[in-house]
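# Reading the structure
Residue-level listing of the chains:
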Amino acid sequence: MNNLSFSELCCLFCCPPCPGKIASKLAFLPPDPTYTLMCDESGSRWTLHLSERADWQYSSREKDAIECFMTRTSKGNRIACMFVRCSPNAKYTLLFSHGNAVDLGQMSSFYIGLGSRINCNIFSYDYSGYGASSGKPTEKNLYADIEAAWLALRTSIDKISKITSPVLIIHGTEDEVIDFSHGLALFERCQRPVEPLWVEGAGHNDVELYGQYLERLKQFVSQELVNL
């Protein structure tokens, strides 16, 4: 109630609109955005920029573990999604719906701390009208928001089972950004996997520096794809 002006209160109770709009005004209190998402030229990678109001409490290393992107809901709104890789050996991902007066920027430090403590990755999203998400915060949009978030979370895994061509999975065993377990999960769900390459000791950004990386790719292109 503290975020509503006197004139808005008069309009709300003296000349009330439909009950649904009253509920939306009282239930949703989106703050001024505390972050922005910038897309690269390819249109596939988003960079998170936090404002001072986000009160980020960690270093750039933890921030690199946060992946953001946009997805569209059934209502036509584009909502911001945040995937926080909190633990290198996390087996589960928690879908988190935050409170009504915060956005992803303000919640980002909390997600890092929470996931680290419970050994779980965190996936969250901003409701329509919050943060970088478009549209207005309404009850109907809220249902569409959570559905779109759930579908977006499931597609890091579900789409791989629909690929009918041979698939080569290469993953570093010491990947500090995308845990090695994700590579294993993809390999197990492939219809036509070839022998994977698990690069012992490789991290997220140096796997291509290992000799077996190039040799395995050569074999895949020159032999396994040719013999389809």
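See the structure printed just above.
The following paragraphs examine the structure supplied in this document. From a predicted model like this one, the values you see are computed outputs, not experimental measurements. (Residues numbered from 1 in each chain as written. Predicted model: local features only at pLDDT ≥ 70, side-chain atom pairs only at ≥ 80, totals over all residues. Heavy atoms only, no water.)

## So, unusual backbone geometry
Condition: The numbering of helices and of strands both runs from the N terminus, where a helix is a DSSP run of H or I of at least 4 residues and a strand a run of E of at least 2. For each residue, the accessible area found with a 1.4 Å probe, counting protein chains only, is set against the maximum for its type, and the residue is called buried under 20%, exposed over 50%, and partly exposed in between.
You will see that D55, though not glycine, has its phi angle at about 55 degrees, which is positive. Checked against the element boundaries, D55 lands in the loop between β2 (46–50) and α3 (60–63). Even without being glycine, N119 reaches a positive phi, approximately 55 degrees. Locating N119 in the fold gives a position in the loop between α4 (104–118) and β6 (121–125). Judged by relative accessible area, which is 34%, N119 ranks as partly exposed.

## A look at the sheet that holds strand β4 (residues 78–84)
The cut-off we apply is this: A strand pair is defined by DSSP finding two or more bridges across the two strands. Interaxial angle, 0 to 180 degrees, is taken between N-to-C directions of lines fitted to C-alpha atoms, where a helix line uses only the stretch in contact.
If you walk across this open sheet you meet the four strands as β3-β4-β6-β5, and the pairing is mixed. Of all the strands in the sheet, just β3 (66–72) and β5 (93–96) have a single pairing partner and so form its edges. Pairs of neighbouring strands in the sheet enclose a mean axial angle of 20 degrees, with direction left out of account. Pairing of β5 with β6 involves four bridges; the strand directions are parallel. Within β6, the position partnered with L95 by the bridge is F123.

## Brief notes about the nonpolar core
Under the convention used in this document: Only buried residues count toward a nonpolar core. Its members are Ala, Val, Leu, Ile, Met, Phe, Trp, Tyr and Cys residues joined through side-chain atoms within 4.5 Å. In this analysis, two residues are considered to be in contact whenever any of their non-hydrogen atoms come within 4.5 Å of each other.
One finds L37, L48, I66, M82, V84, Y111 and F123 to be the most contacted residues of the largest nonpolar core, which totals 30 residues. If you list the elements that add at least two residues to this core, you get β1 (35–39), β2, β3, β4, α4, β6 and α5 (139–154). Beyond its immediate sequence surroundings of up to four residues, L48 is in contact with Y35, T36, L37, K63, I66, C68 and M82.

## Structural notes on α4
Counted only if it meets this: Residue count minus one, scaled by 1.5 Å, sets the expected span of a helix. Polar contacts, as used here, are pairs of N or O atoms within 3.5 Å; protein pairs need one atom able to donate a hydrogen and one able to accept it. Residues neighboring in sequence count only if both atoms are side-chain atoms.
The first and last C-alpha atoms of α4 sit 20 Å apart over 15 residues, in line with the 21 Å expected at 1.5 Å per residue. Backbone nitrogen of G105 and a side-chain oxygen of the N-cap are separated by 3.2 Å at the start of α4; the cap is D103. Following α4 by one or two positions, N119 has its phi on the positive side, about 55 degrees.

## A closer look at the packing of aromatic side chains
Cut-off, in case you're wondering: In this scheme Phe, Tyr and Trp rings, the latter by its six-membered ring, pair at centre separations within 6.5 Å, and the angle between planes marks the pair as stacked below 30 degrees, edge-to-face above 60, and tilted otherwise.
Going through the model one piece at a time under the given rule, you end up with ten aromatic pairs. Aromatic side chains Y127 and Y130 sit 5.3 Å apart centroid to centroid with 85 degrees between the ring planes, which places their arrangement in the edge-to-face category. Relative to W198, the ring of F180 has its centre 5.1 Å away and its plane inclined at 85 degrees; by these criteria the two rings are edge-to-face. Here the residue F180 occupies a position in helix α6 (residues 180–189), and W198 occupies one in strand β8 (residues 197–199), the gap between them amounting to 18 residues.

## What about the environment of Q191?
Residue placement: Q191 occurs in the loop between α6 and β8. Each C-alpha atom, one on Q191 and one on T164, is 6.1 Å from the other, the two residues being 27 residues apart in sequence. Apart from residues lying up to four places away in sequence, Q191 is in contact with S161, K162, I163 and T164.

## Some details on the side chain of N121
Note on placement: N121 falls in strand β6. N121 gets classed as buried once you look at its relative accessible area, which sits at 3%. Looking at N121, its side chain comes within polar contact range of the main-chain nitrogen of C86, at 3.0 Å. Apart from residues lying up to four places away in sequence, N121 is in contact with F83, V84, R85, C86, S87, A90, Y92, T93, L94 and H182.

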